Amino acid sequence: MCLGSDRRDGLGTLNRLNHLNVSDISGAAFFDLDRTVVARPSGLAFGRHFYRAGLITRATLLRGYAAQTVYLLRGADEARMEEWRLRGLELSRGQNRASFRRVIQSTMDEVIRPIIYREAMDLMAWHRARGRRIYLVSSSPEEVVMPIGGLLGVDGVIATKSRVDDADRYVGELEFYCYGPFKAEAMRALATERGIDLAESWAYSDSITDLPMLEAVGHPVAANPDRDLRRVARERGWPVVRFHLPADLRPVRLATATPQRRLVVGAGMAVVAAAILAVLRPVRRRG
């Protein structure tokens, strides 16, 4: 089954789905979050507000922007995910969890609402109309994912959980890392607990690191897939869909709303940087 591989028309995807004769009794729909439901890495999106609240340093903020750029242009692999996990643990060590939660809750509408893909919301509505429960499954911290789940009205979330001490301060360790095979294990546990038939369920993700998550259900869909996941989807005949309509993007966000646009903007920035360096180099030599 293939829903028009690499088609970028989310509404067209819905129209094609409506013609499928698929049993949906006791099934659910599982959505990865970053680059599947939202157009940017959700955890990194709050960086500027964490900095203003004094929760992170300027250097950490800049590293976060660099990591976000890499993720948007190249996606995530296992090594990169591990690096970000360790950085996040070091960053949060000793910080009070409630402080992060306050910042996230107070800026949710400003940070997250504008970058939610309309096509993802349409698909969630399509699944709800057929009686399926909706779940977010993300490697981002639960402090970020749970409010987003509330914003979207999902039935539940599966997310990374950090360990805290008796004073509710992060200790720099994870209680549960929602990544790779652990996502699939958590989905299977949830299915057993809530009577969900995974064979009649759907899953959406953009990353090859979520292959176990997609393999856990009867109806996997590659959404905004990275190169490796796109290759696997084509080999296995999985549907491939592209989301490109964030709900309310500002002009600069709109310019980077799709992988193709991000590459164009990134190339333009590289040209500008090269021009600046070309001007500066003679000055430095004269100095």
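So, here's what we can say about the structure. The structure presented is a predicted model; accordingly, all values stated were derived computationally and were not measured.

Below, the discussion takes up the overall build of the protein chain. Within the protein chain one finds 13 helices and seven strands. Taking all 287 residues of the protein chain together, 47% fall into the buried category. Looking at the protein chain as shown, the accessible area adds up to about 13,900 Å², and 55% of this sits on carbon and sulfur atoms.

Moving on, we come to the pattern of salt bridges. If you walk through the whole model with that rule in mind, you get 11 salt bridges. Among the ionic pairs, K183 bridges to D32, the shortest N-O distance being 3.1 Å. Of the two residues, K183 is situated in helix α9 (residues 181-194) and D32 in the loop between β1 (28-31) and α2 (42-45); the sequence distance between them amounts to 151 residues. R113 is the salt-bridge partner of D109, the closest N and O atoms lying 3.2 Å from each other. A single salt-bridge network, built from bridges that share partners, covers D32, K183 and D210.

Let us look at the side chain of D210. Considering the arrangement of structural elements, one finds D210 in the loop between β5 (202-205) and α10 (211-215). Accessibility expressed as a relative area gives 3% for D210, which makes it buried. For D210, the side chain forms a polar contact with the side chain of K183, separated by 3.0 Å. In this structure, D210 is in contact with D32, K183 and S205, ignoring residues within four places of it in sequence.

Quick look at the nonpolar core now. If you look at soluble globular proteins, the nonpolar side chains tend to sit buried side by side. Core analysis: the biggest nonpolar cluster contains 36 residues, and F31, V37, I112 and L136 have the highest contact counts within it. Secondary-structure elements contributing two or more residues to this core are β1, α6 (97-111), α7 (118-129), β2 (133-141), α8 (142-152), β5 and β6 (219-223). It is α6 that provides the largest number of residues to this core, a total of five residues. Each residue touching F31, except ones within four places of it in the same chain, is listed here: V37, A120, L123, M124, H127, I134, Y135, L136, V137, Y204 and M213.

With that settled, the discussion passes to helix α11 (residues 227-236). Because the α-helix completes a turn every 3.6 residues, residues three or four places apart line up on one side. Taken residue by residue, α11 has L229, V232 and A233 as its buried positions. One face of α11 carries all of its buried residues, which in axial projection span an arc of 100 degrees. The outward face of α11, more than 90 degrees from its buried face, is lined by the exposed residues R227 and E235. On the buried face of α11, the contacting elements are β5, α10, β6 and β7 (240-241). Positive phi appears at G237, one or two residues downstream of α11, with a value of about 75 degrees.

Quick look at unusual backbone geometry now. Look at R35: it is not a glycine, yet its phi comes out positive at around 65 degrees. Its relative accessible area of 6% is what places R35 among the buried residues.

The next thing to look at is the packing of α6 against α8. Taken N-terminus to C-terminus, the directions of α6 and α8 make an angle of 35 degrees; their axes are 10 Å apart at the nearest point. Between α6 and α8 the crossing geometry is right-handed. Of the residues in α8, those in contact with R97, R101, I104, Q105, M108 and D109 of α6 are E142, E143, V144, P147, I148 and L151.

The strands that make up a sheet pair up through hydrogen bonds in the backbone, lying either parallel or antiparallel. Here seven strands make up an open sheet; going across it, the order is β4-β3-β2-β1-β5-β6-β7 and the pairing mixed. Whereas interior strands pair on both sides, the edge strands pair on one side only; in this sheet they are β4 (170-176) and β7. Contacts from α9 reach β1, β2, β3 (156-164) and β4, with the element oriented near 145 degrees to β2.

In this section: the packing of aromatic side chains. The final tally for this structure, using the stated rule, is six aromatic pairs. Plain terms: the ring middles of F100 and Y170 are 5.9 Å apart, the flat faces sit at 70 degrees to each other, and that makes the pair edge-to-face. Here the residue F100 occupies a position in helix α6, and Y170 occupies one in strand β4, the gap between them amounting to 70 residues. Geometrically, the ring pair formed by Y177 and Y179 is stacked, given 5.3 Å between the ring centres and 15 degrees between the ring planes. For the pair shown, Y177 and Y179 are each scored as buried.

This next bit is on the pairing of β3. The pairing of β2 with β3 spans five bridges and is classified as parallel. Across the sheet, the residue bridging to P141 is T160, located in β3. Across three bridges, β3 lies against β4 in antiparallel orientation. Each bridged residue has a counterpart across the sheet, and for S162 the counterpart in β4 is L174.

Bringing the environment of L214 into the picture now. Mapping L214 onto the fold places it in helix α10. Spatially, the C-alpha atoms of L214 and K183 are 9.7 Å apart, while their sequence positions differ by 31 residues. What L214 contacts, discounting residues up to four positions off in sequence, is A203, Y204, S205, P220, V221, L229 and W238.

What counts as what
- For every chain, the first residue of its written sequence is number 1, and the numbers climb from 1 along that sequence.
- The predicted origin of the model limits local features to residues at a pLDDT of at least 70 and limits the giving and counting of side-chain atom pairs to 80 or more, whereas totals for whole chains, interfaces and linings rest on all residues.
- With hydrogens and water stripped out, all remaining heavy atoms of the structure feed into the side-chain values.
- Helix and strand assignments come from DSSP, with helices taken as H or I runs of at least 4 residues and strands as E runs of at least 2, each series counted from the N terminus.
- Remark: exposure states derive from per-residue accessible area (1.4 Å probe, protein chains only) relative to the maximum for the residue type, with buried under 20%, exposed over 50%, and partly exposed in between.
- To measure how exposed things are, a 1.4 Å probe is used in the Shrake-Rupley method; for residues, cover is taken only from the protein chains shown.
- Here a salt bridge means any side-chain nitrogen of Lys or Arg lying within 4 Å of a carboxyl oxygen belonging to Asp or Glu.
- Here a polar contact means two N or O atoms within 3.5 Å. Within protein one must be a hydrogen donor candidate and the other an acceptor candidate, and residues neighboring in sequence count only if both atoms are side-chain atoms.
- Between two residues, a contact is recorded if the distance between any of their heavy atoms is within 4.5 Å.
- To define a nonpolar core, start from buried Ala, Val, Leu, Ile, Met, Phe, Trp, Tyr and Cys residues and group those joined through side-chain atoms within 4.5 Å.
- Read the arc as the range of directions from the helix axis to the C-beta atoms.
- Here an axis means a line fitted to C-alpha atoms, over the contact stretch when the element is a helix, while the angle between two N-to-C directions is reported on a 0 to 180 degree scale.
- When the near helix sits turned anticlockwise from the far one by under a right angle, the crossing is termed left-handed; a clockwise turn instead gives a right-handed crossing.
- The pairing criterion for strands is at least two bridges between them, as found by DSSP.
- Between 30 and 60 degrees the pair is tilted, below 30 it is stacked and above 60 it is edge-to-face, where a pair is any two Phe, Tyr or Trp rings, Trp via its six-membered ring, whose centres lie within 6.5 Å.

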